[in-house]
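# Survey of secondary and tertiary structure
So the chains spell out like this:
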Amino acid sequence: MRFLSSRRHGVVLPGEGSLSRRVHSRSTANRRARIAITLTGLAALGAGSLTTAGPAAADTTLMPLRTGGVWGLDYAGGVLTTVENAPNGDPYVTNRTISADGTAAGERDTRGYAGTYANGAHMQWVPCDAGSCTTLRAAGNGHVGVFFGNGEGHEGQERVQIRDNRDSYIDHGADPVVTGGRFVDVTGRYFVYDAASTGKQYVDAAQPYLVQDVRLTRAVTAASVWGSRLYAPGTGNGTVTAYDLEQKKTVETLATGAPCTVKELQVVGRWVYWNCGATGPAGVYDRTAKKNITVPSGPALVGDGYLVRHDRTAGKLLLTDFHTGTAAAPREIADLPAGNTADQRRLTWSVDKFGGDIAYVDAEHTVHVVQSGVPSQPLALIEAEVDDNSVDVRDDWWNSVWQLNKPARWTFTVKDVLGRTVHTQSGTGTAPEAGWNARTDAGAVPYNGRYTWTLTATATEGTGTYTGGGSIVLSGGLPVHHDLGGYGYGDLVTLDASGRLGVRYSPGNGTVAGAVSGAGWAAGTVAVPFGDMTGDRCAETLIRMPNGELRRYLGRCAGSYTPASSHVSLGTGWKQYDVLTSPGDVNKDGLPDLIARNATTGTVYLYKSTTAGKLAARVKLFDNWKGYKKIVGVGDFNGDGVGDLLAQDKANTLWRYDGNGSGGFRARVKVAAAWGASYNVVVGVGDITGDGRADLVARDTAGNLYRNNGTGKGSFGARTKIAGGWGVYKGIF
């Protein structure tokens with residue numbers, strides 16, 4: 001079960017109002033909860049305290065990357081994160097995408113001001129060889145975790161923030177106020193941190209759209225997150241358990257072989273790194289091969305199939321390759337002096353665990369990227385936050401994010417039920433984020449119905465592809481033929497002997513549901529499920545009253561009508577017609593049209609809809625169609641986008657008249673012989689099977705209701721009985 005975010009707006013952070021936070025969203029249904037950091041009263045901040053324009057983006061540059069100083073560094077998902085001065089001299093958390101071969105850095109993309117505001121608010125800083133560094137943690141999806149200290153009067157108070165761009169962070173609820181916060185692990189949306197002031201460990205998720213409460217407050221232990229799984233020590237030496245934060249249960253138990261209660265964990269896909277302390281035994285448990293691999297001890301960062309240690313005695317970064325199932329001898333990959341800081345992980349060097357490489361900064365403030373030379377695991381999905389299976393054109397977006405185990409080129413497509421593409425989006429990175437505003441890429445409102453989405457991704461380094469998909473039911477769009485409910489399926493209207501006019505909605509499985517009825521209709525009432533004449537994207541129903549008046553009842557997208565429901569008279573004299581049926585749109589103006597046959601002469605007329613919600617003057621189409629005992633508007637029956645007619649003659653031969661798109665019909669085509677002799681009602685119901693093709697529904701003299709599946713090419717398959725006892729209805733429309 002997924003829950004919508006319900007975050008409070010306009011909460012002012014401590015510091016006399018110089019910092020405020022508010023929720024950003026594209027619409028009420030966008031469901032993204034981001035907090036924007038806004039400065040007010042710039043004069044009060046002091047000269048040079050902040051330039052709101054932020055750092056200018058630089059052109060792509062070759063690596064190594066020369067800087068004026070680095071005060072914190074991390075590397076995840078192919079994105080290098082640093083704290084360094086912008087061209088204006090102010091310090092910023094800065095992201096740069098690194099090319100797959102490690103030779104080029106992309107444009108600067110900041111994740112927030114890292115200096116101290118005039119009121120004393122600032123990101124957390126810790127001692128390091130550069131003097132002091134911001135503690136930051138790259139998430140692998142472009143987001144950066146920091147601890148933000150409140151300002152004057154609130155010294156020592158920190159809250160965790162997951163920065164998603166320069167001026168905002170993702171709201172994940174009211175975080176505890178702590179002192180001495182330290183990230184334990186971050187993977188995509190999920191993060192773990194410890195707090196010195198409370199002695200507790202906190203687990204949470206920065207979920208941008210649909211939000212499920214996964215927050216935990218627990219005792220401080222070793223911990224790591226990979227997707228929605230929290231790995232932590234279990235009971236007994238070497239035991240590690242995986243707790244699924246969304247399912248809220250333990251889903252995996254591992255016997256790593258560690259001779260201790262594990263003191264540190266790092267999980268990267270199949271690899272579970274553990275140690276028994278800074279100088280104790282260490283190993284990597286292979287979840288796939290179910291075996292332990294002994295590796296060197298000491299502070300390490302784990303990549304995909306390898307680990308890196310800083311040998312301060314030798315002044316080297318050393319890489320141990322274990323991807324084959326056996327740890328190779330450590331090899332030097334870079335010179336990095338001992339410095340004065342015992343543990344320089346994510347201060348002067350870091351490892352990209354998302355199938356990537358190693359980054360470090362030298363004494364000249366130059367950032368280097370070293371390729372590991374270790375093959376990464378094939379591309380795979382770690383976890384995803386996929387939106388539900390519905391979207392409403394009127395006020396909704398469909399938004400989803402995925403987390404991959406390494407960077408990829410990805411494409412997101414949405415197709416209608418007939419396989420036609422209506423939306424495409426593409427990008428690169430480890431975290432595809434796709435949205436659909438329920439419109440075509442040309443900006444048009446599509447038809448109601450079921451759409452399918454597909455995400456395909458191909459690794460930009462190494463091997464592997466990923467494909468995922470699902471369905472989205474679109475409502476609030478254009479109604480299809482006979483679509484009275486607004487969900488893209490054809491619906492039936494019935495009239496019983498007691499004067500109840502019922503709308504029977506189809507769930508799209510080839511049947512129709514129970515009636516939603518309105519009473520008070522006299523015998524002889526004729527209903528014509530029509531289409532949207534008014535532009536509100538709800539299909540109107542035309543009803544001829546027994547006295548010959550034709551009324552247009554305003555579309556409701558739900559519910560039935562009583563005679564007093566909102567309507568407009570389209571005139572009198574309509575009793576002259578013994579056939580009133582809508583074939584859909586026959587002149588390609590986007591509006592439904594009406595076919596009428598004069599009972600006396602057999603002359604067939606076309607009434608076109610107008611944009612004013614009226615019917616234009618009739619146009620004669622055919623003389624003397626009295627030879628047909630049934631004339632049925634069937635919508636687009638042959639798949640050319642124009643409404644069509646079926647006509648059954650007195651010999652029970654069924655003919656099709658294809659709309660020509662200009663308000664007329666082509667010469668008839670024989671569809672079937674000796675067809676439907678027992679039918680007293682045939683309705684062009686539209687699509688009730690969910691395949692996007694117009695179907696037929698017919699009732700025989702015994703009261704049985706049948707469905708014939710349309711092929712979309714002007715014909716249909718064998719009949720299927722879908723109901724009995726329908727002889728009670730005086731009218732089926």
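Going by what an unreviewed UniProt entry lists, the protein is known as VCBS repeat-containing protein and is assigned to Streptomyces adustus.

## Description of the overall build of the protein
Each helix and strand in the protein was counted, giving one helix and 65 strands. Within the protein, the proportion of its 733 residues that are buried is 58%. Excluding contacts between residues fewer than 6 apart, the proportion of contacts in the protein whose partners are at least 24 apart in sequence is 47%. Roughly 28,300 Å² of accessible area belongs to the protein as shown, and the carbon and sulfur atoms make up 50% of that amount. A distance of 9 Å separates the average location of the 73 positive side-chain charges in the protein from that of its 67 negative side-chain charges.

## Points about unusual backbone geometry
That bond from M63 to P64 is cis: its omega, 0 degrees, falls within 30 degrees of zero. Here P64 is to be found in the loop between β5 (61–62) and β6 (65–66). You will see that H365, though not glycine, has its phi angle at about 65 degrees, which is positive. With respect to the secondary-structure elements, H365 resides in the loop between β36 (358–361) and β37 (366–370). For H365, a relative accessible area of 37% corresponds to the partly exposed category.

## Looking at the packing of aromatic side chains
Going through the model one piece at a time under the given rule, you end up with 32 aromatic pairs. The interplanar angle of 20 degrees and the centroid separation of 5.9 Å between the aromatic rings of W226 and F354 together place this pair among those described as stacked. Separated by 128 residues along the polypeptide, W226 in strand β23 (residues 224–226) and F354 in the loop between β35 (349–351) and β36 bring together distant segments of the chain. Accessibility assignment for this pair places W226 and F354 in one class, buried. Seen from their ring centres, F622 and W625 are 4.3 Å apart, and the 20 degrees between their planes marks the pair as stacked.

## Description of the sheet that holds strand β47 (residues 501–504)
On the basis of which strands lie adjacent, the open sheet formed by four strands has the order β48-β47-β46-β65 and antiparallel pairing. The open sheet terminates on both sides in strands that have one partner only, identified here as β48 (515–518) and β65 (729–732). Looking at each pair of strands side by side, their axes are set apart by 25 degrees on average, direction ignored. Pairing of strand β46 (residues 492–496) with β65, which is carried by three bridges, proceeds in the antiparallel orientation.

## Quick word on the sheet that holds strand β45 (residues 465–475)
With mixed pairing, the five strands of this open sheet are ordered in space as β39-β45-β44-β41-β42. At either end of the open sheet lies a strand with only one pairing partner, and these are β39 (390–392) and β42 (421–429). Strand-to-strand twist of the sheet, defined as the mean angle between neighbouring strand axes without regard to direction, takes the value 25 degrees. As paired elements, β39 and β45 share three bridges and run parallel to each other. Following the sheet pairing, S390 is matched in β45 by V473.

## Considerations on the pairing of strand β61 (residues 679–686)
Summarising burial for β61: seven of the eight residues are buried, a large majority. Summarising the sheet, β61 and strand β62 (residues 695–700) pair through five bridges and their orientation is antiparallel. Its bridge partner lying in β62, G686 is registered against D695.

## Regarding the pattern of salt bridges
Opposite charge on two side chains permits them to pair, given that their charged atoms come into close proximity. Within this structure, the stated rule accounts for 27 salt bridges. The partner of D74 in a salt bridge is R346, with the nearest N and O atoms 3.5 Å apart. On the criterion of sequence distance, the pair formed by D74 in strand β7 (residues 73–76) and R346 in the loop between β34 (331–335) and β35 is long-range, its members being 272 residues apart. Accessibility classification places D74 together with R346 in one group, the buried group. The partner of D204 in a salt bridge is R215, and the shortest N-O contact between them spans 2.7 Å. With D204 in strand β21 (residues 200–205) and R215 in the loop between β21 and β22 (216–219), this residue pair connects regions lying eleven residues apart in the sequence.

## Focus on the environment of L336
Take L336: it is sitting in the loop between β34 and β35. Residues L336 and V268, 68 residues apart in the sequence, show an inter-C-alpha distance of 25 Å. In this structure L336 touches H310, G315, K316, L317, T348, W349, Y360 and V361, once residues within four positions along its chain are discounted.

## Concerning the nonpolar core
One finds Y231, L265, Y273, V295 and F322 to be the most contacted residues of the largest nonpolar core, which totals 30 residues. Elements that contribute at least two residues to this core include exactly β25 (239–244), β27 (264–268), β28 (271–275), β29 (282–286), β30 (291–295) and β31 (300–302). Here this core gets four residues from one element, more than from any other, and that element is β28. Those residues in contact with V295 that sit more than four places away from it in its chain are Y273, A282, G283, V284, L307, F322 and A327. Counting 22 residues, the second largest nonpolar core, distinct from the first, contains V391, F412, V422 and W453.

## Focus: the confidence of the model for the protein
Across the protein, the average pLDDT comes to 90, with 91% of residues at 70 or higher. Note on residues 1–34: pLDDT under 50 across the span, and 102 contacts to partners over four residues away in sequence or across chains. Across residues 37–58, confidence stays below pLDDT 50; counting only partners more than four residues off in sequence or on other chains, it has 52 contacts.

## Some words on the state of the cysteines
Summed over all chains, the structure comprises three disulfides. Residue C128 pairs covalently with C133 via a disulfide, S to S 2.0 Å. Measuring the twist about the S-S bond at about 75 degrees, one finds the C128-C133 disulfide to be right-handed. For the pair C128 and C133, a shared accessibility class is recorded, and that class is buried.

## Topic: the domain arrangement of the protein
Along its sequence, the protein is carved into domain 1 (63–370), domain 2 (381–463) and domain 3 (491–732). The centre of domain 1, based on its C-alpha atoms, is set 30 Å off from the matching centre of domain 2. Contacts between the two partners involve 19 residues from domain 1, matched on the other side by 20 residues from domain 2. Regarding the contact of domain 1 and domain 2, the summed buried area is about 1,400 Å², with carbon and sulfur atoms giving 55% of it. Where domain 1 packs against domain 2, one counts two salt bridges. E383 is paired through a salt bridge with R189; the nearest N and O atoms lie 2.4 Å apart. At the junction of domain 1 with domain 2, the criterion picks out five residue pairs in polar contact (both at pLDDT 80 or more). Looking at side-chain class alone, the side of domain 1 that touches domain 2 contains eight nonpolar, ten polar and one charged residues.

## Considering the pairing of strand β63 (residues 705–710)
Among the six residues that make up β63, five are buried, leaving the element largely enclosed by the rest of the structure. Of the strand pairs in this sheet, β62 and β63 are connected by four bridges, and their pairing is antiparallel. Each residue of the ladder has a partner; that of L696, found in β63, is N708. Following β62, the chain reverses through four residues before pairing antiparallel with β63; G703 in that reversal takes a positive phi of roughly 90 degrees. Pairing geometry for β63 and strand β64 (residues 716–723), over five bridges, is antiparallel. Within the sheet, the bridge partner assigned to G710 lies in β64 and is F716.

The rules behind these values
Residues numbered from 1 in each chain as written. Predicted model: local features only at pLDDT ≥ 70, side-chain atom pairs only at ≥ 80, totals over all residues. Heavy atoms only, no water. Helix = DSSP H or I, 4+ residues; strand = E, 2+ residues; numbered from the N terminus. Buried < 20%, exposed > 50% of the residue type's maximum accessible area, 1.4 Å probe, protein only. Contact = heavy atoms within 4.5 Å. Areas by Shrake-Rupley, 256 points an atom, 1.4 Å probe, with all protein chains shown as cover. Lys, Arg positive; Asp, Glu negative; His and termini not counted. Charge placed at Lys NZ, Arg CZ, Asp CG, Glu CD. Phe/Tyr/Trp six-rings, centres within 6.5 Å; stacked < 30°, edge-to-face > 60°. Pairing = 2+ DSSP bridges. Axes fitted to C-alpha atoms, helices over the stretch in contact; angles between N-to-C directions. Salt bridge = Lys/Arg side-chain N within 4 Å of Asp/Glu carboxyl O. Core = buried A, V, L, I, M, F, W, Y, C linked by side-chain atoms within 4.5 Å. pLDDT = per-residue confidence, 0-100. Disulfide = S-S within 2.5 Å. Domains from an automatic or database assignment. Buried area = accessible area lost by both parts, 1.4 Å probe. Polar contact = N/O pair within 3.5 Å; in protein donor to acceptor, adjacent residues only side chain to side chain. Nonpolar A, V, L, I, M, F, W, Y, C, P; charged D, E, K, R; others polar.

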